[in-house]
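Listed below are the residues making up each chain.
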Amino acid sequence: MNLITFNIDDKLINYENQKILNSNKNLLFSNACQHNKDLQKKTKNKVSKVFNYKNSISIPKNYKYLENVYCEILEYLKVILNKAHNKNYNKYYWEILVGKWLKTLVYQSFANWEILRKIEKKYKINSFYKISLNDETFIPENTWHAHTLIRSVQYKYNLYHHWLLSKMIDERDVDIINFDLKKNLNLKKEIFKLNRPDKFHKIFYKSFNSKIFYYLWDVPKEIKLEMMKYFKFINFPLGIKKINKYKYENFDREKIFYNKKIKDNYKSFLKKVIKFTLPRIYLENYKTLENYYKKINWPKNPKYILTSYPYYDELFKFYCAQKYLSGSKIIITQHGYDNIYKNENWFVNKMFANQLCWGTNKKKGFHKFIFTKDYIKEEDQFKFNKAKNILLILYSFTEMENMTPDGHLDNVSINKLIFNSTNRYLKSLSKNLRKRNVIKAQQETRYPVLENSLKQEHKSLKILNMEKPFKKIINQYNLSIHFFIGTPFFESIYLNRPTIIIFDKKINFRLNEKFLRFIKKFKENDLCFESSIKAANFINKNYNNLEVWWKSPIRQRILKDFKENFCRHSNDLSVEFKKISKI
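Description of the structure in this document. Values in this document were obtained by computation on a predicted structure and should not be read as measured data. (Residues numbered from 1 in each chain as written. Predicted model: local features only at pLDDT ≥ 70, side-chain atom pairs only at ≥ 80, totals over all residues. Heavy atoms only, no water.)

Across its full length, the chain holds 21 helices and 17 strands. In summary, the chain has a C-alpha radius of gyration of 25 Å against a globular reference of 25 Å for 583 residues, a match within 12%. Considering only C-alpha atoms, the chain reaches an extent of 70 × 65 × 40 Å along its principal axes. When the 583 residues of the chain are sorted by exposure, 58% land in the buried category. Considering only intrachain contacts with a sequence separation of at least 6, the fraction spanning at least 24 residues in the chain is 78%. (Helix = DSSP H or I, 4+ residues; strand = E, 2+ residues; numbered from the N terminus. Rg over C-alpha atoms; globule rule 2.2 N^0.38 Å. Buried < 20%, exposed > 50% of the residue type's maximum accessible area, 1.4 Å probe, protein only. Contact = heavy atoms within 4.5 Å.)

Trans peptide bonds make up most of the peptide bonds, and negative phi angles are found at most residues other than glycine. Of note, the phi angle at L216 is positive, near 50°, even though the residue is not glycine. Here L216 is to be found in the loop between strand 6 (212–214) and helix 7 (221–231). We note that N496 has phi near 60°; this positive angle belongs to a residue other than glycine. Inspection of the secondary structure puts N496 in the loop between helix 16 (487–494) and strand 16 (499–502).

This part is about empty space enclosed by the protein. Summed over all chains, the structure comprises five cavities of 30 Å³ or more. Considered as a void within the structure, the largest cavity measures approximately 240 Å³ in volume. Broken down by secondary-structure element, the contributors of at least two residues to the lining of the largest cavity are helix 3 (91–122) and helix 5 (160–169). Here the element with the most residues in the lining of the largest cavity is helix 5; it accounts for three residues. Residues belonging to the lining of the largest cavity are distributed by class as follows: 11 nonpolar, eight polar and four charged. (1 Å grid on protein atoms, 1.4 Å probe; cavity = no way out; pocket = protein on both sides within 12 Å on 5 of 7 lines; lining within 4 Å. Points joined across faces, edges and corners; volume = space filled by probe spheres on them. Nonpolar A, V, L, I, M, F, W, Y, C, P; charged D, E, K, R; others polar.)

Another point: the side chain of N195. Its place among the elements puts N195 in the loop between helix 6 (187–193) and strand 5 (199–207). N195 has contacts with E141, N142, W144 and H145, leaving out every residue within four places of it along the chain.

Its volume calculated, the second largest pocket comes out at about 770 Å³. Lining the second largest pocket are 32 residues; nearest its centre among them are N31, Q34, N36, K41 and T43. The leading source of residues in the lining of the second largest pocket is helix 12 (residues 411–428), at four residues. Looking at the lining of the second largest pocket residue by residue, the class counts come to eight nonpolar, 12 polar and 12 charged.

Before going further, it helps to examine the side chain of N158. Locating N158 in the fold gives a position in the loop between helix 4 (143–151) and helix 5. Polar side-chain contacts of N158 include one of 3.2 Å to the backbone oxygen of L149. If we skip the residues at most four places from it in the chain, N158 touches T148, L149, S152, I191 and L194. (Polar contact = N/O pair within 3.5 Å; in protein donor to acceptor, adjacent residues only side chain to side chain.)

The four strands lie next to each other as 2-1-3-4, forming an open sheet whose pairing is parallel. Across the chains shown, the open sheet's two edge strands, defined by having one partner strand only, are strand 2 (26–28) and strand 4 (175–179). The average undirected angle you get between the axes of adjacent strands in this sheet is 30°. As defined by bridge partners, strand 3 (residues 127–131) adjoins strand 4 across five bridges and the pair is classed as parallel. Within strand 4, the position partnered with Y129 by the bridge is I177. Contacting strand 1 (2–4), strand 3 and strand 4, helix 5 crosses the sheet at an angle of about 135° to strand 3. (Pairing = 2+ DSSP bridges. Axes fitted to C-alpha atoms, helices over the stretch in contact; angles between N-to-C directions.)

Evaluated as defined, the whole model comprises 28 salt bridges. E72 is the salt-bridge partner of K271, the closest N and O atoms lying 3.2 Å from each other. Here K271 is found in helix 9 (residues 266–273), whereas its partner E72 is found in helix 2 (residues 58–85), with 199 residues between them in sequence. Under the relative-accessibility criterion, E72 is labelled partly exposed at 31%. With a closest N to O distance of 2.8 Å, K579 and E576 form a salt bridge. Here E576 and K579 lie together in helix 21 (residues 573–581), a separation of three residues that amounts to about one turn. Classification of E576 as buried rests on a relative accessible area of 2%. Overlapping salt bridges, with partners in common, bring together K368, E564, R568, E576 and K579 in one network. (Salt bridge = Lys/Arg side-chain N within 4 Å of Asp/Glu carboxyl O.)

Function cannot be read off these values alone, since they describe shape.
Written out as structure tokens, the structure reads:
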């Protein structure tokens, strides 16, 4: 059997190679190696099946191992980058710069490493089809570029994963059959197109005490305005500027990353390929950051730097690293569904020492704050309106596997669970109520496969544009139904809007005990259903009485407790701001 690790439907190889491929018995590494346009249609290709949801005992073991690998590679990079740039910075300085890129690389590559190991164990692989590629083609420009290459299969020419897997297979006992790309294909140019230019925000900043500076802080403007009043400063963006003057230094990567000891394990593999995966902004273009840093008009010595999602702004990360050295405290604000998982210490925002959480969290470095995706001074009281509809919040996950096979489902299987659950729910509703359902779907797949599959079953189904923020449309609906616990679920409860979760534990990864206790309470009070059919039957019977159901004292007590833990509301922001001063 021949193993294929590139997308065969993209037809990127030359005609003769394509004929060889079509004539043999092949095994696809994952569903990312083919086009997936319909969740109900059986694929003509044989795809490996190595994921085992029941084997959860390996999950904490894998995370512990990956943390060890991450720390060792970070130390390795600290030495290399300090030497290359004639610096003596500590590990945390470099972690602020490279941490997001490195964590993604370490985890995603390990997922592929483990899938490959399981395939070798389960299937008789005689040969491997390898496209001849130049290693330097995949050197990313920055973290955004690297993340696009590592995490995305939405782009036809992204052969990064094939290249990475070919590196894993090179030293294995398997025949290599070399293929060539089509002659008219300039892959290096196509890979470069996936980059996003480095940018930064110009800021108008005035302060009496230089205490607080925020940047890429994803919180409502009402909170920002109140904070500026409280701490007596002005902090407004003036526009975005591109970094277009690069100070390029030529480095011999082969020499810099030379590693004598090569063992046949994952850690050694990473050290071997890191010379082709480290973004240029940290090596060849590092002086560019130094030069722009000298010119920016951001505050010189803030005591606190607040941010939510700094990972792709290279100049801001450089600024944070420099200010960390001079004593500033970097505080990251929770920006998505987080702090609900059983194994979450690996998450990239955990590398920051201080985090403002949406609710109560007793872990070291975590500080109780408020929900920051929206802000209301007082809760609105829900009133049922017969003219309003039901909003379904759906997700479909990328075909590229981003989880290890032990203890998880593959992403296409998760997408099928979401589709089947949604389909059963819609078919179980009364005809009149079915017409009232509108879908808002976040689809990370290359093609809108969830939307396509649902529309085949429900021709008149209305699907909203994904660009519309949940908080701006939720008041147009009587009820929102969630098939995955994502940020909109917390937004809906924060706004005190009628909410139901159709809960499948295989879809929602592995939640921590604290969150599962609330799921149990939600089930007992018809806020959560394991069966989409039972959820539909409940709505059939109670839709016209949603107001009474939602406002019942027992449910409101449960929801109030839930909000305190996961999406807090506060009537007095000054009390919340005082907490920042004590960090």
